[in-house]
Amino acid sequence: MINCEWIRKQKKERPSLGSSPGPKCKPNVRLRVRCANTEQPCFSALCDAWLLRKRDEIRESSYIKYRAILERHIKPRLGSRRLGGICTASVDAFTRELLETDGLSVKTVHDILSVLHSVLKDTEARRPAGALAVQIRYPKGKRREMRVLTIEEQKRLVAYLLHPTDSCKFGLLLALYTGLRIGELCALRWSCIDLREQTIRIAATMQRLGGTGEGTRIVIGAPKSDSSLRTIPLPAQIAVLCRHMQPADPEAYVLTGGPAYMEPRTLQYRLKRYTAACGLEGVHAHTLRHTFATRAIESGFELKSLSEVLGHATTAITMERYVHSTLC
């Protein structure tokens, strides 16, 4: 129990400071406000602390992506606020600014809000006060129709890439018939192609990372998920072409046939030039992956096997992202 007599005695013995101290509660009120500000750092500091904790848990590419989202979008608009100033209304306003003022796509805004949600959840778990009254409402938008080559367009592109062919054109054919991602294709070396077993081992991907002020650089590393590490079958007609294109050096890159790599940006430029030459529009490297998945479903390819070939964790992802909507 509190000893009230001791407290009264201390007050009597306290020396006078000269002037009237004013209302007795004011010094304590100021102290509480000051402590509250100390206990609630600005949201920018909470974002930095979250990213620092995540650094050792995630891949370098994810770390750079999260840092860019924080520096470009979250911290400029929400970073100066105290934690108590982050509420559902302020997050809704933030979302509207991203969509309407910045003109970002729904997918990009989803990615930004996911990072914001992770920061808030991490902060919530570490604060003694408990749950935060913040609801994040993700925007809804029309799903963009995927570009898939028709059978006639595919034949036209294949004919162009074959006559005449080179290492880059061969690599694009490989993507069209195996569903490789552009980063996986750029990082692929001939040592990962087993012509005896007619398989391709996907063990690396290439990305251009950076973009937060220090410039960008090419990084070749492990794929983004465990399911992306896989061995996939090589179609017979492509295996024949592989034997024709295979260089003496097993460590040569498939896209160049030598020790130098070709980065994704350059490959996109090449594909744009090739498709323009054969009269195709709106074709990107991922169009080849969409087309592969669509042709596989059309031919009766088992969905679970297709999901494994594409490197997806579940068949639901395959159905949602890579199978043409008219086939569902």
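Residues numbered from 1 in each chain as written. Predicted model: local features only at pLDDT ≥ 70, side-chain atom pairs only at ≥ 80, totals over all residues. Heavy atoms only, no water.

Participant: Tell me about the overall build of the chain, and name the residues and values.
Facilitator: Looking only at helices and strands, the chain has 14 helices and five strands in total. Taken across its 328 residues, the chain has 38% of its residues classed as buried. Of the contacts made within the chain by residues no fewer than 6 positions apart, 67% connect residues no fewer than 24 positions apart. Just so you have it, the chain exposes about 19200 Å², and 54% of that area is on carbon and sulfur atoms. (Helix = DSSP H or I, 4+ residues; strand = E, 2+ residues; numbered from the N terminus. Buried < 20%, exposed > 50% of the residue type's maximum accessible area, 1.4 Å probe, protein only. Contact = heavy atoms within 4.5 Å. Areas by Shrake-Rupley, 256 points an atom, 1.4 Å probe, with all protein chains shown as cover.)

Participant: Give me the pattern of salt bridges: which residues, what numbers.
Facilitator: For the coordinates displayed, the defined rule picks out 19 salt bridges. Among the ionic pairs, arginine 217 bridges to glutamate 60, the shortest N-O distance being 2.0 Å. Taken together, the residues span a long stretch of sequence, with arginine 217 in strand 4 (residues 216-221) and glutamate 60 in helix 4 (residues 60-78) at a distance of 157 residues. With a shortest N-O distance of 3.0 Å, arginine 147 and glutamate 153 are connected by a salt bridge. Relative accessible area serves as the criterion here: at 23%, arginine 147 is assigned to the partly exposed category. The class of glutamate 153 is buried, set by a relative accessible area of 15%. When salt bridges with common partners are traced through the structure, they connect Asp48, Glu71 and Lys75 into a single cluster. (Salt bridge = Lys/Arg side-chain N within 4 Å of Asp/Glu carboxyl O.)

Participant: So what about the pairing of strand 2 (residues 199-202)? Which residues, and what values?
Facilitator: Along strand 2, the buried face is formed by Ile200 and Ile202; none of Thr199 and Arg201, which line the opposite face, is buried. Bridge count for strand 1 (residues 193-194) against strand 2 is two bridges, and the pairing is antiparallel. Note that in strand 2 the partner of isoleucine 193 across the bridge is isoleucine 200. Where strand 1 folds back onto strand 2 in an antiparallel hairpin, the turn is made up of four residues, including glutamine 198, whose phi is positive at roughly 55 degrees. Both strand 2 and strand 5 (residues 230-233) contribute to a ladder of four bridges, which runs antiparallel. By the bridge assignment for strand 5, arginine 201 is matched with threonine 231. (Pairing = 2+ DSSP bridges.)

Participant: Could you give an account of the packing of helix 7 (residues 151-162) against helix 8 (residues 167-178), naming the residues involved and the relevant values?
Facilitator: At a minimum axis separation of 9 Å, helix 7 and helix 8 run at an interaxial angle of 150 degrees. Taken together, the axes of helix 7 and helix 8 are roughly antiparallel relative to one another. Here helix 7 and helix 8 pass one another in a crossing that is left-handed. Facing Gln154, Val158, Tyr160, Leu161 and Leu162 of helix 7, the residues of helix 8 in contact are Lys169, Leu172, Leu173, Leu176 and Tyr177. Considering only residue class, the contact of helix 7 with helix 8 consists of eight nonpolar, one polar and one charged. (Axes fitted to C-alpha atoms, helices over the stretch in contact; angles between N-to-C directions. Parallel < 35°, antiparallel > 145°, perpendicular 65-115°, else oblique. Left-handed = near helix turned anticlockwise from the far one by under 90°. Nonpolar A, V, L, I, M, F, W, Y, C, P; charged D, E, K, R; others polar.)

Participant: Lay out the confidence of the model for the chain with the relevant residues and their values.
Facilitator: Looking at the chain, the pLDDT average stands at 84 and 83% of residues meet or exceed 70. Between residues 6-12, whose pLDDT stays under 50, and residues either more than four places distant or in other chains, the model counts one contact. Contacts from residues 14-38, a stretch scored under 50 in pLDDT, to residues over four places away or in other chains number one contact. (pLDDT = per-residue confidence, 0-100.)

Participant: Just give me the short version of helix 8, but keep the residues and values in it.
Facilitator: The end-to-end C-alpha separation of helix 8 is 16 Å, in line with the 16 Å expected for 12 residues at 1.5 Å each. Burial analysis of helix 8 places 11 of its 12 residues in the buried class, which makes it a mostly covered element. Of all the positions in helix 8, only Ser167, Cys168, Lys169, Phe170, Gly171, Leu172, Leu173, Leu174, Ala175, Leu176 and Thr178 are classed as buried. For helix 8, the capping residue at the N-terminal end is aspartate 166, with a side-chain oxygen 3.1 Å from the backbone nitrogen of cysteine 168. (Expected span 1.5 Å × (residues − 1). Polar contact = N/O pair within 3.5 Å; in protein donor to acceptor, adjacent residues only side chain to side chain.)

Participant: Let's hear about the packing of helix 8 against helix 10 (residues 236-245): which residues, and what values?
Facilitator: Across the interface, helix 8 lies against helix 10 with an axial gap of 11 Å and an inter-helix angle of 160 degrees. Between helix 8 and helix 10, the crossing angle belongs to the class labelled roughly antiparallel. Where helix 8 crosses over helix 10, the handedness of that crossing is left-handed. On the side of helix 8, the interface is formed by Ser167, Phe170, Leu173, Leu174 and Tyr177, while helix 10 contributes Gln237, Ile238, Leu241, Cys242 and Met245.

Participant: I'd like a rundown of the sheet that holds strand 5, residues and numbers included.
Facilitator: Sheet architecture is open: three strands sit in the order 1-2-5, paired in antiparallel fashion. Each edge of the open sheet is held by one strand with a lone partner, namely strand 1 and strand 5.

Participant: How would you explain the nonpolar core if you had to name every residue and give the values?
Facilitator: Ranked by size, the top nonpolar core spans 48 residues in total, and within it Leu174, Ile193 and Leu234 carry the most contacts. Residue assignment for this core shows that the elements contributing at least two residues are helix 7, helix 8, helix 9 (182-187), strand 2, helix 10, helix 11 (264-277), helix 12 (285-298) and helix 13 (303-310). The dominant element in this core, judged by the number of residues it contributes, is helix 8, at seven residues. Setting aside its immediate chain neighbours within four residues, leucine 234 contacts Leu174, Thr178, Ile193, Leu195, Gln198, Thr199, Ile200, Ala239 and Cys242. Phe43, Ile64, Leu70 and Val109 belong to the second-largest nonpolar core, a separate cluster that totals 28 residues. (Core = buried A, V, L, I, M, F, W, Y, C linked by side-chain atoms within 4.5 Å.)

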